[in-house]
Structure formats: C-alpha cells, structure tokens
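Spelled out from the first residue to the last, the chains are:
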Amino acid sequence: MAATRRPAEAVGGEPFQPPDVAWSGVSARLASARRVTTCLPLALLAIAASALAVLLGVGWLWLVAVAVLAGASWAWWTIGRQVRSWRYAEREDDLLVRHGLLWRTVVVVPYGRMQYVDVYAGPVDRAFRLAKVQLHTASAHSDAYIPGLNPQEAARLRDRLASRGEARLAGL
C-alpha cells in the first residue's frame, strides 16, 4: 500500500503563521526611535552636503545630498514596515517571536530551555520609553529578543517567562 502525501499546509500550516496563535505587537514608538537614529543623521549629512555645495560651488555635492535624502526616505518607509513585522506570542509550552520582511524569521523558545531573561534599555530606548526583552538559552542560535516594549510590559514578560521557565525546569 503506497503512502499518500498531504499538502504542506495540511501537515504543518504556513511556517510564519502557525494556526491558533494570538500575536502581540511591539510599540509604534520603536519606529520613531529607529527613525531618529537612522534618518536624522542622514538628513544632517544631506544638509551638510547642500551647504558645502552652496559655499564651495561644487555641483556634484548636490547629487550627494539628493542621494542621501533618497536613502533617508527609503529608510523611513522600511523602518515602519520592519517594526510592524515584530510579533510575539506566549503559548502553553513556548514563546514564539517573529519578524522580518524579506528574510522572515520565527523563533520558538521552549520555556524549559530558557536559562535567563534580561530586560535592556539604552539611552535612545529610555528617551522613547522602550525596553527590550532578551531570552538566553544554552544554544546561542535559539536566543531571541523582543524590542520596542513598554517598560512595564517588558518587566511583566520577563517575570512571566522566568516563572514559566523555572516551572518547566522543575518538571525535568
């Protein structure tokens, strides 16, 4: 008797959209923070190139200014889409983290594999009232992080993940 093969969607579902998962998103302030750190320096560089073009009378500097502004505009648009792609979901036995536009990634971290959970906030993060939750496992390839969380949500998630990890480790 020959084995019949089912279509991929019937076996495992779409790999980046598991069935019955309630995804949570990150704060829209993450886009603002990333735009400030990426687009603002580019805009200042375009202004400097324009000023030098006027002061020195060098025509090719106008091309530099336009190219840099085009790059800043593209970065502005891309950052918004990238931030909207960040999602995470707490399930019964694991945490899912997905992100990416061209190169999409879904990381599944079983609670029992977590060694510790960090909350991090750099100066730009703090200015925008954001924090990042970093999960550490025994394998560096399965570490995951969730940027752009409200500090209260990051602390809640850290405590919840740590307690779930301890509970799963106790059962081993």
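For clarity, every value in this text was computed on a predicted model and none was experimentally measured.

Student: I'd love a proper account of the pattern of salt bridges, names of residues and values included.
Tutor: Summed over all chains, the structure comprises 5 salt bridges. Between Glu153 and Arg156 there is a salt bridge; the shortest N-O distance is 2.8 Å. Within this pair, Glu153 and its partner Arg156 are both found in helix H5 (residues 151-170), separated by 3 residues, close to a single helical turn. Judged by its relative accessible area of 22%, Glu153 is partly exposed. With a closest N to O distance of 3.1 Å, Arg158 and Asp159 form a salt bridge. Look at Arg158 and you get partly exposed, because its relative accessible area is 29%. Asp159 sits in the partly exposed class, given a relative accessible area of 45%. Ionic contacts of the salt-bridge type, sharing partners, join the residues Glu90, Glu153, Arg156 and Arg160 into one network.

Student: Break down the sheet that holds strand E7 (residues 144-149) for me, citing the residues and quoting the values.
Tutor: Here we have 3 strands laid out as an open sheet, ordered E5-E6-E7, and antiparallel in their pairing. The open sheet has two edge strands, strand E5 (114-120) and E7, and neither has a second partner. Sheet twist, expressed as the average angle between the axes of neighbouring strands with direction ignored, equals 15°. Across 6 bridges, the pairing between E5 and strand E6 (residues 131-137) is antiparallel. When the sheet's bridge partners are listed, Asp118 is paired in E6 with Gln134.

Student: Residues and numbers for the pairing of E6, please.
Tutor: Across the 7 residues of E6, 6 count as buried, placing the element largely inside the fold. With 4 bridges connecting them, E6 and E7 associate as antiparallel partners. The residue of E7 that forms the bridge with Val133 is Ile146.

Student: Tell me about a nonpolar patch on the surface, and please be specific about residues and values.
Tutor: Side chains of Val36, Leu40, Leu44 and Ile47 sit close together on the surface and give an oily, nonpolar patch of about 370 Å² of accessible area. Relative to the elements of secondary structure, Leu40 occurs in helix H2 (residues 29-56). Relative accessible area serves as the criterion here: at 45%, Leu40 is assigned to the partly exposed category.

Student: Give me the nonpolar core: which residues, what numbers.
Tutor: The biggest cluster of nonpolar side chains holds 27 residues, and the ones touching the most others in it are Leu95, Ile146, Leu149 and Leu161. Going through the elements one at a time, H2, helix H3 (60-85), strand E3 (94-99), strand E4 (105-110), E5, E6, E7 and H5 are the ones with two or more residues in this core. With 4 residues, the single largest contributor to this core is H2. A domain-level breakdown of this core finds at least three residues from each of domain 1 (29-82) and domain 2 (87-168). Here Leu161 is in contact with Leu95, Tyr111, Met114, Val117, Val133 and Leu135, once residues within four sequence places are set aside.

Student: Give a description of H3 that names residues and reports values.
Tutor: Between the first and last C-alpha of H3 there are 38 Å, a value that for 26 residues agrees with the 38 Å anticipated at 1.5 Å per step. Among the structural elements, H2, strand E2 (87-90) and E3 are those in contact with the buried residues of H3.

Calculation rules
Residues numbered from 1 in each chain as written. Predicted model: local features only at pLDDT ≥ 70, side-chain atom pairs only at ≥ 80, totals over all residues. Heavy atoms only, no water. Salt bridge = Lys/Arg side-chain N within 4 Å of Asp/Glu carboxyl O. Helix = DSSP H or I, 4+ residues; strand = E, 2+ residues; numbered from the N terminus. Buried < 20%, exposed > 50% of the residue type's maximum accessible area, 1.4 Å probe, protein only. Pairing = 2+ DSSP bridges. Axes fitted to C-alpha atoms, helices over the stretch in contact; angles between N-to-C directions. Patch = residues over 30% accessible without salt bridge, like charges linked within 9 Å, V, L, I, M, F, W, Y side chains within 5 Å. Areas by Shrake-Rupley, 256 points an atom, 1.4 Å probe, with all protein chains shown as cover. Core = buried A, V, L, I, M, F, W, Y, C linked by side-chain atoms within 4.5 Å. Domains from an automatic or database assignment. Contact = heavy atoms within 4.5 Å. Expected span 1.5 Å × (residues − 1).

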